[in-house]
Amino acid sequence: MTTAYQKLEDINKRIHNFGHLGAILSWDEAVNMPPGSGEARAESISELYAYISEVKQNPEIKELIEKAKSEDLDELQKANLDLMDEGWKKSNVLSTDFVRRKSMTNMKCEQAWRRLRSENNWNEFKSLMEEVVTLIREEAEMRSADTGLGLYDSLLDLYEPGLRSSEVDEIFNQLIAELPSLRDEITEFQQSRPFTKPEGPFATEDQKALGLEIINAMGFDFNRGRLDVSHHPFCGGVPEDVRMTTRYSKEDFTESLMGIVHETGHARYEQSLPRTWISQPLGQSRGMAVHEGQSLFFEMQMGRSKEFIQFALPLMKKHLYKGGNEEAWSEENMTRLYQHVTPGYIRVDADEVTYPFHVILRYEIERDILDRKIEVKDLPEVWDAKMQEYLGLSTKDNYANGVMQDVHWPSGAMGYFPTYTLGAIVASQLFSALETARPEVRSEITKGEFGNINKWLEENVWSHGSRYSVQELMQKVTGKKLNADTFIKHLKNRYLS
Ligand code: CO
């Protein structure tokens, strides 16, 4: 006889398979799709997500969950059942019609944003964004009424389950208190350490060959994943078929290369989730703070270390160096280039010292939007004021490099941004724990040996899937909850010595 629990596993496998289709369609939309096909694609993807939401809302699932609770389950099955229960509750807040409407509205806004951003066209963007915000507010209110969480927490919980904004506040307040003076000290310190950029042009094929050689060394599994080009880099697909993207600039190869290293961290996590649980909630990645923790472990903790530059420089030269300007291609110069700290307009280009301010600014604005303290029309002004306050830069009339720079809001995601900085903190705590456990880690990076590092991450983080909340995971692996101390110590070590 099939037990209720087994029936639930079958239903979740179906949901996972439909999600697989959605992920590959979304990847294709960003990588291959001709622009004129956008509207039809938005409709077909929205239809698929509405259907998935219908499958997830089947009342039979709730009955099966209740039955399964009294069945004889082992510890992992119990954990999986708990996650199914949580998922069922989250899936039943929004009607299928609302899911379809939201998906259509978000995709319409996001597709228009790609063009409007390049035109610096705030006015046309504003009305599309207003439609998106109306639905975000509606969703937050419905979720909040269902769970009793605050408006912001009800969205944050979708991206990092279990984490609350009171925990975020504690960390962000420490960063606001300590980072400005540290940043000034670093900027002062770096004035005596100038660097030059290697001069291009660098052919795309050569850059790609370099990227592939590096991510191959870092353990990316090409048998279950690929690397392509998109307007905005991301790591998508599913654990069985990971789709990473990057973008290449002919003049500068350094950012694209580090972008690839970043996405490889996301990809290794996905590719190393527990195989036997892959179609179940327990086998999924935990949340975006843990996810970003893996990408920033690869990019910031390893990738921008002087040990990594030592490993990567000969490969950079092999693929891209055409002679001349030896100084720019020295280890010292390349390290300075990759560790340069300077405030800028663009979040995705920010160094790890100024990055948290880009996140804090967005976090504060999102909260005020949800609390209806500000409206979409106020965004450029509020953005400009906060940029001046936190980074000393004005974005007046510069919408493209200000409020319109990120894909998150046009695509309907609020409550997501904090996970980037929490990810930086996760990464610093994990690297510090790894270095304590295996002091030889830095010399391994220098030699391009990533096998033991991957093994440690797999044992301690990746193989657990969704079993532990980010706080439980941090406590278990590093002996401490999420906190800014290790991150700040890392910044001081790297940038002031
Ligand atoms: Co990332």
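Our subject is the structure listed above.
About the criteria used
- Residues numbered from 1 in each chain as written.
- Predicted model: local features only at pLDDT ≥ 70, side-chain atom pairs only at ≥ 80, totals over all residues.
- Heavy atoms only, no water.
- Donors = N, O, S within 2.8 Å, 3.2 Å for Na, K, Ca; no water.
- Helix = DSSP H or I, 4+ residues; strand = E, 2+ residues; numbered from the N terminus.
- Buried < 20%, exposed > 50% of the residue type's maximum accessible area, 1.4 Å probe, protein only.
- Pairing = 2+ DSSP bridges.
- Core = buried A, V, L, I, M, F, W, Y, C linked by side-chain atoms within 4.5 Å.
- Contact = heavy atoms within 4.5 Å.
- Axes fitted to C-alpha atoms, helices over the stretch in contact; angles between N-to-C directions.

S.K.: Help me out: how do you make sense of the coordination of the cobalt ion in this one?
M.R.: Under ideal tetrahedral coordination, the four donors around a metal are separated by 109.5 degrees; under ideal octahedral coordination, the six donors are separated by 90 or 180 degrees. Bound to the cobalt ion on the protein side are His262 (NE2), His266 (NE2) and Glu292 (OE), at distances that span 2.2 to 2.3 Å. All donors of the cobalt ion come from a single chain, and their spacing in sequence reads H-x3-H-x25-E. Of the two residues, histidine 266 is situated in helix 10 (residues 254-271) and glutamate 292 in helix 11 (residues 288-303); the sequence distance between them amounts to 26 residues. Of the residues examined, histidine 266 reaches a relative accessible area of 8% and is grouped as buried. When its relative accessible area of 5% is taken as the criterion, glutamate 292 is described as buried.

S.K.: Hey, could you run me through the pairing of strand 2 (residues 235-238) in this one?
M.R.: Each regular strand carries side chains that alternate between the two faces of the sheet. Where burial is concerned, the two faces of strand 2 differ: the one with Gly236 and Val238 is buried and the one with Cys235 and Gly237 is not. Looking at chain direction, strand 2 and strand 3 (residues 241-246) are connected through 4 bridges and run antiparallel. Of the residues in strand 3, the one forming a bridge with valine 238 is aspartate 241. Connecting strand 2 to the next strand, strand 3, in antiparallel fashion are 2 residues.

S.K.: Looking at this model, I keep getting lost on the nonpolar core. Mind explaining?
M.R.: Across soluble globular proteins, nonpolar side chains have a tendency to be buried as a group. Ranked by size, the top nonpolar core spans 114 residues in total, and within it Phe297 and Met316 carry the most contacts. Per-element accounting of this core gives the leading share, 10 residues, to helix 16 (residues 418-437). Here phenylalanine 297 is in contact with Met302, Ala427, Leu430, Phe431, Leu434, Ile453 and Leu457, once residues within four sequence places are set aside. Counting residues in hydrophobic clusters, the runner-up holds 20 residues, among them Ile11, Val55, Ile65 and Leu73.

S.K.: Which parts of the structure should I look at to understand the sheet that holds strand 2?
M.R.: Hydrogen bonding along the main chain pairs the strands of a sheet, whether they run parallel or antiparallel. Reading across from one edge, 1-3-2 is the order of the 3 strands in this open sheet, with mixed pairing throughout. On the outer flanks of this sheet lie strand 1 (225-229) and strand 2, each paired with one strand and no other. Taken pair by pair, the neighbouring strands of this sheet meet at an average axis angle of 20 degrees, ignoring direction. Sitting on the sheet, helix 10 touches strand 1, strand 2 and strand 3, and the angle it makes with strand 3 is about 165 degrees.

Any functional reading would require information that these geometric values do not contain.
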